[in-house]
Every structure is written in structure tokens, then in C-alpha cells.
Amino acid sequence: MTTLRIAGGRVLHPDLSVSEADVLVDQDSGEILDVGDVAEGDERLDAEESLVMPGLVNAHCHAAMTLLRGYADDKPLDAWLQEDIWPAEGELTEGDVRAGAELALVEMIRSGTTAFADMYFHVPEIAEAVEAAGVRARLGHGVVTVGKDEGEAYRDNDESIEIARELDGAAGGRIKTAYMPHSLTTVGEEYLREFVGKAREHDVPVHFHANETTDEVEPIVSERGERPLEYADDLGMVTEADFLAHGVHTDETEHELLAERGASVVHCPASNMKLASGMAPVQEMREAGVNVALGTDGAASNNDLDLFDELRDAAMLGKLAAADAAAVPAEAAVEMATAGGARALGFDSGRIEAGANADLAVVDFSAPHLTPVHDYVSHLAYAATGGDVRHTVCDGEVLMRDRELQTLDEAAIREHAESRAAAVAERAE
Ligand SMILES: N[C@@H](CCSC[C@H]1O[C@@H](n2cnc3c(=O)[nH]cnc32)[C@H](O)[C@@H]1O)C(=O)O
Ligand SMILES: [Zn+2]
């Protein structure tokens, strides 16, 4: 057994209390062995003046969209997707998706994210990038059937199921999968009925966009006379294993349904503000007992993958939505970005405790904007940024040490992404 001791700092415990403690990690099993006054390790990671926290979980992303960062801004969802994003994505090759995913992984590791969920295409390329980077991920092929003939629509759904079957458990178990229909309005009912059943046969969860804009909710309500998530529930897509992105325009009935079924909602505050989709009722959902996680969504609607921004945005927007400064307090935001995200994705991470996955971020508290420290959790939610992360550890492996990436060649990845993105933009013109 090879062990790693993260020493000399403070630890954020599962109840969000903070105390001086070291963390001992088994690098072979990738699990936390002990927290507190721990034994010596074979290797040491310095945590002086720092806080060891669970690695952040980005529970909804389209990682390769880093190539489209700043490509089209300042438009509502529908026009943004149809006029700019989908035409550009039509030009993305396997190599482009690989390059974009690698850039995303650099950003995520730099800002302390150790697990993410991703809906995209050319998923085997994304999986290879994840395997090399060393993080944890739940990956899936996004399905759209509107505007496609039956044959094409079937192929797209089949591919999503096949990818989910083939890649589940890859990278030594760090990669898990899901069937990922894009949304309740972009995938036809007949396909959802058939393929959600197939996902169940293969024991993979379902991940989709839901209730993101009023334009998406209204047609379902008027055509079916029921709320979108009641429709999704009829289709069997709201089980404990399932997680949906956004949930902006959800009502009390839907919150009760989500809480009862145990399905998770991934709140994406920056994307919701940028596309003016609306304010998700996060405080109400949490009070109803819904598990809420945080996501950045793609870099083209955010425009970065720094989850510390989401922590702050979630706390701020949650107050505005509830017209109550006590809504979505710092603790809630931190919980959503860690334990809530891990639960949504089905990983035993998001808590620093013996037996959990050793997925950790070590945040440097010596910066002026983090001085003084009255309350560590407050700083994580309101003052820290991804740039404050010193070390990132996933599955017991050090992915970043003193702000230097250990598994990825950052300069080469940046250069490659830059030239790939320029070529995509040119082809899409
Ligand atoms: N476009 C592919 C499959 C969809 S992958 C997931 C899709 O979600 C899109 N996407 C990114 N952000 C959002 C969002 O906020 N709402 C809805 N879709 C989004 C993204 O651009 C990507 O096309 C096809 O036609 O078969
Ligand atoms: Zn999305």
C-alpha cells in the first residue's frame, strides 16, 4: 500500500465544521484511510495555511464546448442553440471534441473539480481524455430526435445506450455513464418510452435538461395537461439514480415529486442568468427535500468551468429568487457543490471521511481576498475562486501539486485547443 498524507492544514468535515487535521489516503484503493491525527504517509502534500475540502462536483457540463467559449453570446437559449451553437457543433470532429475536453479538464483540475457529468457526442474521445487526466466522470451521448427521420433518431438513441453500456466502469471505475436524452421537447415521446426502458435494463441512469425555459414548459403543459416532470415521471425518468439539469421553471407539485422519487436537480445559475432562462427556486426545492447539485453547463453559456463561481452565483441568485437574504446560505452552496453533486452523480465522494473516495481540493487561504478568516465556509461560497486551489487529488492521485498539473500538458493543450477552435469557427462561417 502506498499512502499520501495531506498535512499541516485544516479540514472541512461532512457537517461543514472546520478543524486542524491531516488526511491519510490509500493511493492504491483511492480511498481516504484516516482524518485527524493520522499516521505518517509515504508521500506528503503540504496544506499549511490551507483548507482541505472535498473535490468539487460539476454535475452538468458539455466539456468540449470550451472550443465555443465566447463564440456566441447575448442571445436567448433557442436562438443561441439554433443560430449559432448547433451549426458550429455540426463542424466538430472527434479530434475537436478531444481537444475541447482536454482544455476543460485543465480548467476543472486547476479549480479543484474532481468529478463532472458530461452530455455530448464523440464520447469515447472524452472518456480517453478523462482517463488520462485522472478525474471522475459520468459521461453520456446526448440525443436529439427533432428534425431527424426515424432511422437517424433510432441510431442516435442506440448510440447513447451503446456508449453507456460500453464505457460504464472504464478508467478503473472512475468513469460511469448515463443515457442522455437532450430534453423532453427535443426527444420524441416514443423514443423516450423505449430507450428509458433500455437504460433500466442496463442499469444506467438517465440525465436530461428539464424545465429550463418557459418556452420548454408551456408546450408540454398545454398539450398534455400535466407538468413536464409529471410527464418525465410517467416515462420513468425521475428515479433516485436520475438527475436533470436546470429545473428553473418548476412548481411545488414537481418539487414534491422529485423529493419523493429521490431524483436530483442540477442547478446551473450562471447559464440560467446568461441565457435569461430564469431563477430556479433552489431554496424551495431544498426545503421540499430535493437533492440539488451545481453545474456550470457548457463554457459557451457560462463562460468558464470554475465551480467556485457557481457557488457564489447559487447563493446570490437563490436569495434574489426567494427575495430573502437568508435563502441559500453559504453552507447550502458548499453542500450542493460537494456532497449534493456526488449524490446526484452516484459517486462515494463529496465528503472527507474514512472510506470515502480520496477526491480532494486544497484551497490556499493566504490570499488577501481570503483575509481575515472569520468563517471558512463563508469564504468558500463568497470570496474564494478556482485560482485559490493549490492541490487537486482524485482517487488518491495528485492531479495538481502547488498549482502545477501533474497528468496533463497544459501548454500543449491550450495551443492545440486554440488552433482547433479557430478552424471550427472558420468552417462554421
Ligand atoms: N447536438 C447533438 C446532441 C446533443 S449533445 C448536448 C447538447 O446540449 C447543448 N446545450 C448546451 N447548453 C445547453 C443548455 O443550457 N440547454 C440546452 N442545451 C444545451 C449542447 O450545445 C449540445 O448540442 C445532436 O444534434 O445530436
Ligand atoms: Zn446543458
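Residues numbered from 1 in each chain as written. Chains lettered and ligands numbered in written order. Predicted model: local features only at pLDDT ≥ 70, side-chain atom pairs only at ≥ 80, totals over all residues.

A.B. asks: So, the packing of helix α2 (residues 94-110) against helix α3 (residues 123-133): which residues are in play, and what are the values?
C.D. replies: Contact geometry of α2 with α3 gives a least axis separation of 8 Å together with a crossing angle of 35°. As α2 packs across α3, the resulting crossing turns out to be right-handed. Within the contact between the two elements, α2 uses E94, V97, R98, A101, E102, L105 and I109 and α3 uses E125, I126, A129 and A133. Among the residues making up the contact of α2 with α3, the classes are represented as seven nonpolar, no polar and four charged. (Axes fitted to C-alpha atoms, helices over the stretch in contact; angles between N-to-C directions. Helix = DSSP H or I, 4+ residues; strand = E, 2+ residues; numbered from the N terminus. Left-handed = near helix turned anticlockwise from the far one by under 90°. Contact = placed C-beta atoms within 7 Å. Nonpolar A, V, L, I, M, F, W, Y, C, P; charged D, E, K, R; others polar.)

A.B. asks: Explain the site of ligand 1 to me, and be specific about the residues and the numbers.
C.D. replies: The environment of ligand 1 is formed by 19 residues, the closest being I85, G142, V144, H209 and G298. The element contributing the most residues to the shell around ligand 1 is helix α1 (residues 77-89), with five residues. By residue class, the composition of the shell around ligand 1 is eight nonpolar, seven polar and four charged. (Near = placed C-beta within 6 Å.)

A.B. asks: An account of the UniProt feature "binding site: Zn(2+)" (unreviewed entry) in the protein chain is needed here, citing residue identities and associated values.
C.D. replies: Look at the UniProt record and you will see "binding site: Zn(2+)" (unreviewed entry) annotated at H60, H62, H209 and D297. Spatially, the listed residues are clustered: although they cover 238 residues, their C-alpha atoms lie within 11.9 Å of one another. Position of H209 among the secondary structure elements: in strand β13 (residues 207-210). In this structure H209 comes out as buried when scored by C-beta crowding, with 25 C-beta atoms within 10 Å. Dropping the residues within four chain positions of it, H209 is found in contact with H182, S183, A245 and H246. Its location among the elements puts D297 in the loop between β16 (291-294) and α11 (307-322). Assessed through the 27 C-beta atoms surrounding it within 10 Å, D297 is described here as buried. (UniProt positions renumbered as here; feature names shortened; annotations may be inferred. Buried ≥ 20, exposed ≤ 12 C-beta atoms within 10 Å, placed from the backbone.)

A.B. asks: Account for the sheet that holds strand β1 (residues 3-7), naming residues and giving values.
C.D. replies: In a beta sheet, neighbouring strands are held together by backbone hydrogen bonds and run either parallel or antiparallel to one another. Spatially, four strands are ordered β5-β4-β1-β6 in an open sheet, and the strand pairing comes out mixed. Single-partner strands in this sheet number two, and they are β5 (31-36) and β6 (43-46). Each neighbouring strand pair of the sheet contributes to a mean axis angle of 20°, computed without reference to strand direction. Judged from the four bridges that link them, β1 and β6 form a sheet pairing that is parallel. Opposite L4, over in β6, you have E43 as the bridge partner. (Pairing = 2+ DSSP bridges.)

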